[in-house]
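Fold and geometry: a report
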Amino acid sequence: MLRRSFAALIWLYSALAGLADEDISWSRLDLDTELGLQGLSGLEVSSDGSKLHLINDKAQYFYLKLTRENGVLSGYDVKAQNEFSGTQGRQITPYSSDSEGLAWREGGPVFVSFEGWARVWRYDTPQETALYVPRMDRFEDMKSNGSLEALGIAPDGALFTISERHRHRKLHYPMFRYHQGTWEIPFYIPRSVAFAPVGMDIDDEGRIYLLERSFQNYAWRSQVRRFALDGSGGEILFRSDYGEHDNLEGLTVWRDDTGALRLLMVSDNNFTELQTSEFVEYVLPN
C-alpha cells in the first residue's frame, strides 16, 4: 500500500558549526503503524535513495520502495517483511531480539547489532539464518538497555559500532571496529553533553555520521555529528529543537543526483500511540 504525507518541504536556517549562514532543508513522512512500522531502530538506503532496508527493535525486517516528488519524501511501498532468525535458524528469544543497528553495502550481506545480549550478527540475506560474528570481551560489561545502538560499515568492509551508554569512561565513548576477524577500539568519540549515540552510517568517502538524541520535558532533540574514519573532526551538521522531531534513532546517508548528501532518519515510537513513526530527511548544502 502506498502511503503519502502532505508535509511540505521546510527550510531551516542553521547557525551550527559547519553550517553557519547556510540553508539546510528537510522533509518529513509519517509511517503507518498498522503496517507494523513501529519501534523502528535502523535503516540503510540504496545509492539512489529509492530502496530501503529497515528494522525495528523486535528483530523484524522490512524492505521498502521510497518515492519522492521534486526531491521531497512523498510515499513508500512495503515490498517485503519477515522476522530475523537466530544462528540455529530458530526464532530469536525476546531477551535477545532487541535489534538496534543496521549496516549494509550494496551487493553485500546485512549486519545487525543487538542490545540485551550485546552482539553483531551477519545475514547473507535478511531471510536466511544468522551467521555468528565473534564478540568482544567488552560487550559482556554493557548495560542491557544501552549497548550496541549504532552500526556502520566502512568502504573496506570494516564494521564500526558504538554503545548508547557505557561504564568505563565519563567523557568519551569507545568506538568498536571489527575487521578481518578482530575487534579493537581505534579511537574514542568525545561526549556531547546531554546527547547519547543512537544511529550511525559511513558515507562513500569513509566519513562517519553519528546520530545522537537528548530527552527533556517529554520531548526529544536530535543532532548529527560527522567524523573522519580515524575519529578526528566532529562538526555538528544539524541540531533540532526539542519536540521538532520524534525519537529519531536510525540514520542512513546517501548522495542524490545533484551531488548533495542526504541524511535519512527514522523514529522509534516505542510501540505507543503517544509517539510517531516517521522518516525525516535532511539535505546538506553542497
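Residues numbered from 1 in each chain as written. Predicted model: local features only at pLDDT ≥ 70, side-chain atom pairs only at ≥ 80, totals over all residues. Heavy atoms only, no water.

Digging into the sheet that holds strand S9 (residues 110-114)
- Spatial ordering of the open sheet is given by S8-S9-S10-S11, a layout of 4 strands whose pairing is antiparallel. Lying at the two open borders of the sheet, with one neighbouring strand each, are strand S8 (99-104) and strand S11 (131-132).
- Relative to S11, strand S10 (residues 119-123) runs antiparallel, the two being bridged by 2 bridges. Each bridged residue has a counterpart across the sheet, and for arginine 122 the counterpart in S11 is leucine 131. (Pairing = 2+ DSSP bridges. Helix = DSSP H or I, 4+ residues; strand = E, 2+ residues; numbered from the N terminus.)

Description of the layout of surface pockets
- Taken as a whole, the largest pocket encloses approximately 310 Å³ of empty space.
- In terms of lining residues, the largest pocket is bounded by 17 residues, among which Val45, Ser47, Arg105, Asp204 and Val253 are the most central.
- Sorting the residues of the lining of the largest pocket by element identifies strand S4 (40-45), strand S16 (196-202) and strand S20 (248-255) as the ones contributing at least two each.
- Counting residues per element, the lining of the largest pocket draws most heavily on S20, which supplies 4 residues.
- Of the residues assigned to the lining of the largest pocket, the class counts are 7 nonpolar, 3 polar and 7 charged.
- The calculated volume of the second largest pocket comes to roughly 170 Å³.
- Lining the second largest pocket are Arg105, Pro109, Phe111, Arg122, Tyr132, Val133, Ile153, Gly157, Leu159, Tyr178, His179 and Gln180.
- Within the lining of the second largest pocket, the residues separate by chemical class into 7 nonpolar, 3 polar and 2 charged. (1 Å grid on protein atoms, 1.4 Å probe; cavity = no way out; pocket = protein on both sides within 12 Å on 5 of 7 lines; lining within 4 Å. Points joined across faces, edges and corners; volume = space filled by probe spheres on them. Nonpolar A, V, L, I, M, F, W, Y, C, P; charged D, E, K, R; others polar.)

Thoughts on the environment of aspartate 203
- For aspartate 203, the location among the structural elements is in the loop between S16 and strand S17 (208-216).
- Given a relative accessible area of 2%, aspartate 203 falls into the buried group.
- For the pair aspartate 203 and proline 155, spaced 48 residues apart in sequence, the C-alpha to C-alpha distance is 8.2 Å.
- Residues in contact with aspartate 203, not counting those within four places in the same chain, are Pro155, Tyr209, Val253 and Leu261.
- A polar atom in the side chain of aspartate 203 sits 3.0 Å from the backbone nitrogen of glycine 206.
- At a separation of 2.9 Å, a polar atom in the side chain of aspartate 203 contacts the side chain of arginine 207. (Buried < 20%, exposed > 50% of the residue type's maximum accessible area, 1.4 Å probe, protein only. Contact = heavy atoms within 4.5 Å. Polar contact = N/O pair within 3.5 Å; in protein donor to acceptor, adjacent residues only side chain to side chain.)

Quick notes on the sheet that holds strand S14 (residues 172-179)
- The strand order S12-S13-S14-S15 describes an open sheet built from 4 strands, whose pairing is antiparallel. Of all the strands in the sheet, the pair left with one neighbour each is strand S12 (148-153) and strand S15 (182-190). On average, adjacent strands in this sheet sit at an angle of 25 degrees to one another, irrespective of strand direction. (Axes fitted to C-alpha atoms, helices over the stretch in contact; angles between N-to-C directions.)

Quick word on the pairing of S17
- Extensive coverage of S17 is indicated by the burial of 7 of its 9 residues.
- Note: S16 against S17, 6 bridges, orientation antiparallel. Along S17, the bridge assignment pairs proline 197 with glutamate 212.
- Hairpin connection between S16 and S17: a loop of 5 residues separates the two successive antiparallel strands, and glycine 206 in this loop has a positive phi of roughly 80 degrees.
- Between S17 and strand S18 (residues 219-227), which pair antiparallel one after the other, the connecting turn spans 2 residues, and asparagine 217 there sits at a positive phi close to 50 degrees.

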